[in-house]
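A closer look at the structure
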Amino acid sequence: MTVRTMVIEEHGGPEKFKMVEAELGQPGPGQVMIRHKAVGLNFIDVYQRTGLYPMSLPHALGMEAAGIIEAVGEGVTHLKTGDRAAYAATPPGAYCDARVMPAAQVCPLPDAISFEEGAAMMLKGLTTHYLFRRTTPILPGDTVLFHAAAGGVGLIACQWARSESIRLIGTAGTDEKCQLALDHGASECINYRKEDWAARVKDLTGGVGVDVVMDAVGADTFEGSLDCLKPLGMMISFGNASGAVPPFSVGLLAQKGSLKITRPTLFTHIADGPTCQQMASELFEKVVAGDVKIRIDQRFPLQDVAEAHRALEARQTTGSTILTL
């Protein structure tokens, strides 16, 4: 079988993408072959393309997709030929028609969830899962500050918080994006281009601060995020959309109220196959129940992935973006 794959041969801008065609072999032990119906786009793809997250080259990019299992290797028991499936997984390589890959993180996709939704939700939805369920205890009535609340992870997080009676204060860069976050369950949303968002968070919490900050923006929001936490609060820094957080003195956490900080990645959480399958099952339950709806606002053909990256980096996107095949 000959398949198209979008690869980079050197780090750089979106123009570095190149389409190649290659023969696809059969899956070995512990592997599956999946033919993609839709592919997800995420900021981690940008980090890998630019070299912020270095990788050996040439390499295909893409971390999530959904499709149909076409073959299974020896030892794979949770999937069979013909199954609908979706995944977020390493190594990168989802920007393609079909691939052979490790089966442990490939999850059976319920019939009630479309392939496009599956491709748009795995990395972002599983990220939301670990943020709310596996990083620090978050109880009904607690308050969370979430940056980029109108993005792909953000809109899922707004709905997740609402479904569990958690107050989510979002930030976004336009009034329209703020309204989108509110429509999806944010309790409040601050336009950071119009207001001092850190001061506004303190005002909204009666000067107390929030229990948890979930920050994928990085350098631009890091210090302000720390200032928004109540004493003993938890800072979850899980992305670098504005650049990496610069080095800081750990003593700063003591000065600002014995704060806690963590820098998790999804792929640590889903490295264990059974854990990944359980997390996906809980995510699918939220979606099938209607607690979380997956919003797809941008679609690009696979061959136009460079344009998709440009839109993502320019903050021109809302919700999720997928590549179609």
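Right above here is the structure, for reference.
This write-up is about the structure you can find in this document. Only a predicted model underlies this, so the values are computations on that prediction, with no experimental measurement involved.

Here is what the cut-offs are and how they apply
- Each chain carries its own residue numbering, running from 1 in the written order of its sequence.
- Thresholds applied to this predicted model are a pLDDT of at least 70 for local features of residues and 80 or more for the giving and counting of side-chain atom pairs; totals over whole chains, interfaces and linings are not thresholded and use all residues.
- Excluding hydrogens and water, the side-chain figures rest on all heavy atoms present in the structure.
- Each axis is a line fitted through C-alpha atoms, and for a helix only the stretch in contact is used; angles between axes span 0 to 180 degrees, taken between their N-to-C directions.
- Only DSSP runs of H or I reaching four residues or more are called helices, and only runs of E reaching two or more are called strands; each is numbered from the N terminus.
- Each angle gets one of four labels, with under 35 degrees taken as roughly parallel, over 145 as roughly antiparallel, 65 to 115 as roughly perpendicular, and the rest as oblique.
- Contacts are assigned to residue pairs that have any heavy atoms within 4.5 Å of one another.
- Only Asp, Glu, Lys and Arg are considered charged, only Ala, Val, Leu, Ile, Met, Phe, Trp, Tyr, Cys and Pro nonpolar, and every remaining residue, Gly among them, polar.
- Criterion for a salt bridge: a side-chain nitrogen of Lys or Arg within 4 Å of a carboxyl oxygen of Asp or Glu.
- Burial here depends on accessible area, computed with a 1.4 Å probe over protein chains only, as a share of the maximum for the residue type. Under 20% is buried, over 50% is exposed, and the range in between is partly exposed.

This next bit is on the packing of helix α2 (residues 115–133) against helix α9 (residues 273–288). Relative orientation of the contacting elements α2 and α9 amounts to 100 degrees, with a least axis distance of 10 Å. When the interaxial angle is binned, α2 and α9 end up roughly perpendicular. Here M121, M122, G125, L126, H129, Y130 and R133 of α2 come into contact with α9, specifically with M279, A280, E282, L283, F284, K286 and V287. The residue inventory of the contact of α2 with α9, partitioned by class, reads 9 nonpolar, 2 polar and 3 charged.

In the segment running from L57 into P58, the intervening peptide bond is cis, with an omega of 0 degrees. With respect to the helices, strands and loops of the structure, P58 is situated in the loop between α1 (43–50) and β4 (59–60). Across the junction of T90 and P91, the peptide omega takes the value 0 degrees, indicating a cis bond. In this structure, P91 sits in the loop between β6 (84–88) and β7 (98–102). Even without being a glycine, S258 presents a positive backbone phi close to 55 degrees. Locating S258 in the fold gives a position in the loop between α7 (251–255) and β14 (260–262).

A word on the pattern of salt bridges. Scanning all chains against the criterion turns up 19 salt bridges. For R133, the salt bridge identified is with E164, shortest N-O distance 2.7 Å. With a gap of 31 residues between them, R133 in helix α2 and E164 in the loop between α3 (152–163) and β10 (167–172) connect regions that are remote in the sequence. Residue classification places R133 among the partly exposed residues on the basis of a relative accessible area of 38%. The salt bridge involving R167 is made with E188; its shortest N-O contact spans 3.1 Å. Residue R167 is found in strand β10, and its partner E188 is found in strand β11 (residues 188–191); the two are separated by 21 residues along the sequence. Within the structure, one salt-bridge network assembled from shared partners comprises R133, E164, E282 and K286.

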